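Chain and residue survey
Residue strings, one per chain:
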Amino acid sequence: MFSDNHKISNRQLQIMLLLCCLGTSSLCLPAQLAMVAKQGCWIVMLLGGLFATAFSLILTELYCREPSWTAIEWSRNTFGNTFGAMLSVGFLLKLAVDGMLELRIFTEILHRTMLPDTPSWLLLLLILCLATFGVARGIEGQVRTAEILFFFVVVPFVLLLAAVGVSAQEAYFLPITMPNVTQIRKGAAMVQPLFQAMLFLLFVSPFLQKPKQAKKSVAVALCFVTILLSVVTFFCLRIYGAETLSQKVFPTLQMAERIGFSGIFLSRQDILLLWFWFVSVFLYVSGVLFFGSVGTERLCCKGERKRRYWCIVWVVLLFLGAMVPQNMEGAYQFRHMVQPIVSAVYLGIFPICFLGKSIWKERRRAT
């Protein structure tokens, strides 16, 4: 069915990364930024996204040095076998925790808005089964699914966003104020979970057809996400104002209520928008299962044939872990209090160490 289930193009990586970044964080992000930065919330979103885009250049620079390596090999090469293996477990645990939180938060949203009589564990199991089926054919099957769904997600979302912009008559975004350093620092921590899929970049290099040319594709995808969510935040601020926006639960969904369409199918735009986030969560969880099983297989030095068995282990792990938080609020609180710190270490400090060690070895060989 597929020409090569082990390699994908940079364009396919771009689409997968873009859709995975439109996760559950974007549902509440405008309200959280308004609590911190008030009138400058959309500017904080823009600055945080641009910083993440700039930092992606460090992650993709690793591809040019060792295209066949993942975070597992980089950890062992930089810190030695023993300590590197311990750090590799940390990378996999972060990947697992991110997947657990994304699953639990989204299933709680579905339970509260659409399926109140359906137990959360059943929704969790359904999404995990779909995600497992999505990675059964390898990474190419996953990204081809993303290619197909792209036109049913991003294009309608942009059209709905344009309709919201046209319908908004208020100017609650005025006066425009620049955020201070404290607001930018706190807002950047809130923006970080939006780009949690960047962790995939530390595992995807061996599966790229042209890994050394991926730098521009990744940066463009993250720039698009940054601009899109900055516009969403600006429209939310324009419609509600900073004070009202900070009290909203799901402002990204609620602003769609301003649009009026005739017909039963589009009578509730918030339900239609949840389809977009379902696709994003499905692709993100599929990525967690795939790259998690890849990382575990490489950590344990097993052959590729064992990968599907590790995938089953990851399904069980995500299901049990997603049931730990008592409710959606607890999962959100944990994500925004703990995950930014962990991400700063595993997506910030360690990749810089990987690159620094590689440059040091390169110069040492040259001399």
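Going by the structure above, here's the rest.
Model, not experiment: these values are computed from the prediction.

Examining the overall build of the chain
A tally of regular secondary structure across the chain gives 14 helices and zero strands. When the helices and strands of the chain are read in sequence order from the N terminus, they spell out α-α-α-α-α-α-α-α-α-α-α-α-α-α. At 20 Å, the chain has a C-alpha radius of gyration in line with the 21 Å of a compact globule built from 367 residues. Overall, the chain is about 65 × 45 × 40 Å in size when its C-alpha atoms are taken along their principal axes. Across the 367 residues that make up the chain, the buried fraction comes to 56%.

What to know about the packing of helix H3 (residues 41-65) against helix H9 (residues 214-240)
Their axes nearest at 9 Å, the elements H3 and H9 cross at an angle of 170°. When the interaxial angle is binned, H3 and H9 end up roughly antiparallel. The class makeup of the residues in the contact of H3 with H9 is 16 nonpolar, seven polar and two charged.

What to know about the side chain of Ser-343
On the secondary structure map, Ser-343 appears in helix H14 (residues 328-366). Polar side-chain contacts of Ser-343 include one of 2.7 Å to the side chain of Gln-192. For Ser-343, the contacting residues outside a window of four places in its chain are Lys-94, Gln-192 and Gly-348.

Digging into a nonpolar patch on the surface
Taken together, Ile-148, Phe-151, Phe-152, Val-155, Leu-159 and Trp-275 make up a surface patch of nonpolar side chains, about 650 Å² in accessible area. If one sorts the elements of the nonpolar patch by residue count, helix H7 (residues 139-167) sits on top with five residues. Structurally, Ile-148 is set in helix H7.

Observations regarding the environment of Val-89
By secondary structure assignment, the location of Val-89 is in helix H5 (residues 81-113). Taking the C-alpha atoms as reference points, Val-89 and Leu-299, 210 residues apart in sequence, are found 8.1 Å from one another.

A word on empty space enclosed by the protein
On inspection of all chains with the given rule, the structure shows three cavities of 30 Å³ or more. Space inside the largest cavity adds up to approximately 70 Å³. As for the largest cavity, its lining consists of Leu-22, Ser-26, Val-153, Phe-157, Leu-229, Val-232, Thr-252, Phe-276 and Trp-277. Those elements giving two or more residues to the lining of the largest cavity turn out to be H7, H9 and helix H12 (269-299). Residue composition of the lining of the largest cavity, by class: seven nonpolar, two polar and no charged.

Focus: the state of the cysteines
Inspection of every chain in the model, using the stated rule, returns zero disulfides. Not part of a disulfide, Cys-223 finds its nearest cysteine sulfur in Cys-21, a span of 12 Å. When its relative accessible area of 29% is taken as the criterion, Cys-223 is described as partly exposed.

Details of the side chain of Ser-25
Tracing the backbone shows Ser-25 in helix H2 (residues 25-37). The exposure class assigned to Ser-25 is buried, which follows from its relative accessible area of 3%. Here Ser-25 is in contact with Pro-193, Leu-194, Tyr-332 and Arg-335, once residues within four sequence places are set aside.

Structural notes on helix H13 (residues 307-322)
The terminal C-alpha atoms of H13 lie 22 Å apart, and with 16 residues this matches the ideal 22 Å at 1.5 Å per residue to within 8%. Buried within H13 are the following residues: Arg-307, Cys-311, Trp-314, Val-315, Leu-318, Gly-321 and Ala-322. Looking straight down H13, one finds that the buried residues subtend no more than 145° of arc, so they occupy a single side. Facing away from the buried side of H13, by more than 90 degrees, are the exposed residues Tyr-309, Ile-312 and Leu-320.

So, the packing of aromatic side chains
Per the stated rule, a full pass over the model turns up 19 aromatic pairs. Note on Phe-91 and Phe-354: the rings are 6.2 Å apart at their centroids and 35° apart in plane angle, and the pair reads as tilted. Here Phe-91 is found in helix H5, whereas its partner Phe-354 is found in helix H14, with 263 residues between them in sequence. One aromatic cluster is present, built from ring pairs that chain together Trp-69, Trp-74, Phe-79, Phe-83, Phe-91, Tyr-346, Phe-350 and Phe-354.

Some points on the nonpolar core
Core analysis: the biggest nonpolar cluster contains 115 residues, and Phe-195 and Phe-291 have the highest contact counts within it. The dominant element in this core, judged by the number of residues it contributes, is H12, at 15 residues. Here Phe-195 is in contact with Cys-21, Met-45, Gly-49, Ala-52, Leu-222, Val-225 and Thr-226, once residues within four sequence places are set aside.

As for the pattern of salt bridges
Opposite charge on two side chains lets them pair, provided their charged atoms get close. Applying the stated criterion across every chain, the model contains eleven salt bridges. Glu-243 is paired through a salt bridge with Lys-38; the nearest N and O atoms lie 3.7 Å apart. Of this pair, Glu-243 sits in helix H10 (residues 242-245) while Lys-38 sits in the loop between H2 and H3, placing them 205 residues apart in sequence. Here Asp-98 makes a salt bridge to Lys-94, at a shortest N to O gap of 2.8 Å. In this pair, Asp-98 and Lys-94 both sit in helix H5, four residues apart, roughly one turn of the helix.

Quick notes on the rules
Residues numbered from 1 in each chain as written. Predicted model: local features only at pLDDT ≥ 70, side-chain atom pairs only at ≥ 80, totals over all residues. Heavy atoms only, no water. Helix = DSSP H or I, 4+ residues; strand = E, 2+ residues; numbered from the N terminus. Rg over C-alpha atoms; globule rule 2.2 N^0.38 Å. Buried < 20%, exposed > 50% of the residue type's maximum accessible area, 1.4 Å probe, protein only. Axes fitted to C-alpha atoms, helices over the stretch in contact; angles between N-to-C directions. Parallel < 35°, antiparallel > 145°, perpendicular 65-115°, else oblique. Nonpolar A, V, L, I, M, F, W, Y, C, P; charged D, E, K, R; others polar. Polar contact = N/O pair within 3.5 Å; in protein donor to acceptor, adjacent residues only side chain to side chain. Contact = heavy atoms within 4.5 Å. Patch = residues over 30% accessible without salt bridge, like charges linked within 9 Å, V, L, I, M, F, W, Y side chains within 5 Å. Areas by Shrake-Rupley, 256 points an atom, 1.4 Å probe, with all protein chains shown as cover. Salt bridge = Lys/Arg side-chain N within 4 Å of Asp/Glu carboxyl O. 1 Å grid on protein atoms, 1.4 Å probe; cavity = no way out; pocket = protein on both sides within 12 Å on 5 of 7 lines; lining within 4 Å. Points joined across faces, edges and corners; volume = space filled by probe spheres on them. Disulfide = S-S within 2.5 Å. Expected span 1.5 Å × (residues − 1). Arc of directions from axis to C-beta. Phe/Tyr/Trp six-rings, centres within 6.5 Å; stacked < 30°, edge-to-face > 60°. Core = buried A, V, L, I, M, F, W, Y, C linked by side-chain atoms within 4.5 Å.

It is worth stressing that arrangement in space is one thing and function is another; only the former is reported here.
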